[in-house]
Amino acid sequence: MADVLSKRADRTLNIPEFLVHYLLEVSANSFHPADNPSGIVNLGTIENKTCEDIWLKKVEDLTPLIADKSSLYYYNLSGFETLRQNIGKFLGTKLKLPEPLDPQKIVLLDGVTAVLNAVALAIADEGDAILCPIPTYGRILNDIEEVASARFYKVPMFQECDTGDAAEFRIDVIEKYYEKAVNEGRNVKGLILCNPQNPTGKVYSQNDISCLLDFCARKGIHIVVDEIYALSCYDKPEFISVLQCNIPDPARTHFLWGFSKDLSLSGFRCGMIYSESTRLIDYIRKVSFFCSVPAPVQIILNAIISDSEWLDTVYFPTYQKRMRENFEIACRGLEAIGVPFYRGTAGSYIWMDLTKFLPSKTNEEELALFHKLLLGGVYLCPGKEMFSPYAGWFRFTFTTYKDHVIEGLKRMEKVLTSN
Ligand SMILES: Cc1ncc(COP(=O)(O)O)c(C=O)c1O
């Protein structure tokens, strides 16, 4: 039956879905201190559960708003004008921009996942390369390859022998891999940067971003900056958005953000793109018909994002405080077990170095350790899924429930000290 589907479908089906597979497996047997104490602690999926109590109350208060006829019928599928306007104001303030983002240059889709796919469709033809510094958010490969058929081209930017910052920004490395891709006959169309970076938690400096903007402008390639963790910094340096920088090639510079991380609402499915390129925005508006944010969701998100008083006096202070607490617990716990980690300053996760538990430092050993930890009741994301250049690194999400962080650390210790 192999030939009943298109080549496109076959190719997509051949791209593995490791993390989705384990998310579903782990979700079917989640740890709960009272109801399922032998369930699995999920420290692998990046969800922000630190403020669940606050969000449940907020959503309950806002739910009556959707009992409105605007929930029922077709609407502007690329995003309500009011919501785009309010997101533009919110980001303008939070990212310290001189003015709000122009709502006409914003399109909303059902998650940054959908936005990455739409951007890849817009900037690359089948087989064209999009560069991406690694390690990075693993699904980017699926997002740009599965439907858009662009080619994810890895640029290793994590150094084994580092000079104090293993995730140091290296424009020379980017240049080298750009040339390598060209010499291999690839048509390089763009570069995607996650800032803050997932999984290292690295925040790039203004100088790093400016260097990259200049590089992409010189090469005439698009630069897509995914800032989905922009408001999840727990330490200095202060986060600098690409939109705060001097942009040499505005028509090829695109900014992405969403509600899944900074605002904890990954179930609401809403991501956005802001770009000065009218043609790119027009194209993404067209494809928004396939992945629009449902009207009832937009109504609630609009009420949230326009409530700056609640966001600034209730949500963000609580999120900052709880994120910081969980981060400290995780750091202290890892130090106590003797697990080294990269010192990031943002995001929901810690990039841990478990290489000392891998005698030969191979990917097979990394996978074996992953399974051993899972058997010991803790799910952690293995570095291979984030294209780590070295085997043995794992990502630990600390923005889950505090008791899950504590229980996960206990289980890690048991597994890692069991030999
Ligand atoms: C860097 C990055 N971009 C995008 C996403 C996906 O976001 P969304 O839930 O909006 O699709 C994630 C999720 O983990 C992420 O880490």
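Report on the accompanying structure. (Residues numbered from 1 in each chain as written. Predicted model: local features only at pLDDT ≥ 70, side-chain atom pairs only at ≥ 80, totals over all residues. Heavy atoms only, no water.)

1. Topic: empty space enclosed by the protein
- Overall, the coordinates contain 2 cavities of 30 Å³ or more when judged by the stated rule.
- Computed from the structure, the largest cavity encloses a volume of approximately 40 Å³.
- Here the residues of the lining of the largest cavity are counted per class, giving 7 nonpolar, 2 polar and no charged.
- Of the voids in this model, the second largest cavity is the one considered here, and its volume is about 30 Å³.
- The wall of the second largest cavity is formed by Asn-42, Thr-45, Glu-47, Lys-49 and Thr-400.
- Taken together, the residues that form the lining of the second largest cavity break down as no nonpolar, 3 polar and 2 charged. (1 Å grid on protein atoms, 1.4 Å probe; cavity = no way out; pocket = protein on both sides within 12 Å on 5 of 7 lines; lining within 4 Å. Points joined across faces, edges and corners; volume = space filled by probe spheres on them. Nonpolar A, V, L, I, M, F, W, Y, C, P; charged D, E, K, R; others polar.)

2. Some remarks on the packing of aromatic side chains
- Inspection of the entire model under this criterion finds 25 aromatic pairs.
- A centroid spacing of 4.9 Å and a plane angle of 80° characterise the contact between Tyr-22 and Phe-370, whose relative ring orientation is edge-to-face. Pair noted here: Tyr-22 is in helix α2 (residues 18-27) and Phe-370 is in helix α12 (residues 363-375), with a separation of 348 residues, a long-range link.
- For Phe-370, a relative accessible area of 2% corresponds to the buried category.
- With a centroid separation of 6.3 Å and 20° between ring planes, the pair formed by Phe-90 and Phe-316 is classed as stacked. Placement of the pair is Phe-90 in helix α4 (residues 81-94) and Phe-316 in helix α11 (residues 308-337), with a sequence separation of 226 residues. Residues Phe-90 and Phe-316 agree in their burial class; the two are buried.
- An aromatic cluster of three or more residues is present, and its members are Trp-55, Phe-90, Trp-257, Phe-259, Trp-310, Tyr-315, Phe-316 and Tyr-319. (Phe/Tyr/Trp six-rings, centres within 6.5 Å; stacked < 30°, edge-to-face > 60°. Helix = DSSP H or I, 4+ residues; strand = E, 2+ residues; numbered from the N terminus. Buried < 20%, exposed > 50% of the residue type's maximum accessible area, 1.4 Å probe, protein only.)

3. Brief notes about the sheet that holds strand β8 (residues 271-275)
- Reading across from one edge, β2-β8-β7-β6-β5-β3-β4 is the order of the 7 strands in this open sheet, with mixed pairing throughout. Edge positions in the sheet fall to β2 (106-109) and β4 (151-156), since each of these pairs with one other strand and no more. This sheet shows a mean twist of 25° between the axes of neighbouring strands, independent of strand direction.
- Two strands pair when backbone bridges link them, and strand β3 (residues 129-134) and strand β5 (residues 188-194) are joined in this way by 3 bridges, in the parallel orientation. Bridging across to β5, Ala-129 finds its partner in Val-188.
- Contacts from helix α7 (residues 171-183) reach β3, β4 and β5 within the one sheet, and its direction differs from that of β4 by about 140°. (Pairing = 2+ DSSP bridges. Axes fitted to C-alpha atoms, helices over the stretch in contact; angles between N-to-C directions. Contact = heavy atoms within 4.5 Å.)

4. A closer look at the layout of surface pockets
- In this model, the largest pocket occupies a volume close to 1000 Å³.
- Around the largest pocket, the lining is made up of 38 residues, and of these Leu-19, Val-20, Tyr-137, Gly-138 and Arg-139 lie nearest the centre.
- Put simply, the parts of the chain that give the lining of the largest pocket at least two residues each are α2, α5 (112-123) and α6 (139-145).
- For the lining of the largest pocket, a count of residues per class yields 17 nonpolar, 10 polar and 11 charged.
- Counting the residues that make up the lining of the largest pocket, at least three belong to each of domain 1 (7-54 + 310-416) and domain 2 (74-307).
- By volume, the second largest pocket amounts to about 340 Å³.
- Lining the second largest pocket are 15 residues; nearest its centre among them are Lys-96, Ala-230, Cys-233, Glu-238 and Phe-239. (Domains from an automatic or database assignment.)

5. Describing the site of the ligand
- The full set of residues close to the ligand is Gly-111, Val-112, Thr-113, Tyr-137, Cys-194, Asn-198, Asp-226, Ile-228, Tyr-229, Ser-260, Lys-261 and Arg-269.
- Within the side chain of Thr-113, a nitrogen or oxygen atom sits 2.6 Å from an oxygen atom of the ligand.
- Within the contact set of the ligand, an oxygen atom lies 2.6 Å away from a side-chain nitrogen or oxygen of Ser-260.
- Taken by itself the ligand offers 400 Å² of open surface, and the protein chains cover 93% of this.
- More than half of the atoms of the ligand fall within 2 Å of the grid points belonging to the largest pocket.
- Residues belonging to the shell around the ligand are distributed by class as follows: 5 nonpolar, 4 polar and 3 charged. (Near = heavy atom within 4 Å. Polar contact = N/O pair within 3.5 Å; in protein donor to acceptor, adjacent residues only side chain to side chain. Areas by Shrake-Rupley, 256 points an atom, 1.4 Å probe, with all protein chains shown as cover. Sits in = over half its atoms within 2 Å of the grid points.)

6. Some points on the packing of α2 against α12
- Where α2 meets α12, the closest approach of the two axes is 13 Å, and the angle between their N-to-C directions is 15°. As summarised for this structure, α2 and α12 are arranged roughly parallel, according to the angle between their axes. Along this stretch, α2 crosses α12, giving a crossing that reads as right-handed. Residues Phe-18, Tyr-22, Glu-25 and Val-26 of α2 touch α12, and the partners they reach there are Leu-367, Phe-370, His-371 and Leu-374.
- Across the contact of α2 with α12, the residue classes tally to 6 nonpolar, 1 polar and 1 charged. (Parallel < 35°, antiparallel > 145°, perpendicular 65-115°, else oblique. Left-handed = near helix turned anticlockwise from the far one by under 90°.)

7. Overview of the side chain of Glu-385
- The topology assignment puts Glu-385 in the loop between β11 (381-382) and β12 (393-397).
- For the buried Glu-385, no salt bridge exists, and the shortest N-O distance to an oppositely charged side chain is 4.8 Å, to Lys-384.
- For Glu-385, the contacting residues outside a window of four places in its chain are Phe-18, Leu-19 and Gly-138. (Lys, Arg positive; Asp, Glu negative; His and termini not counted. Salt bridge = Lys/Arg side-chain N within 4 Å of Asp/Glu carboxyl O.)

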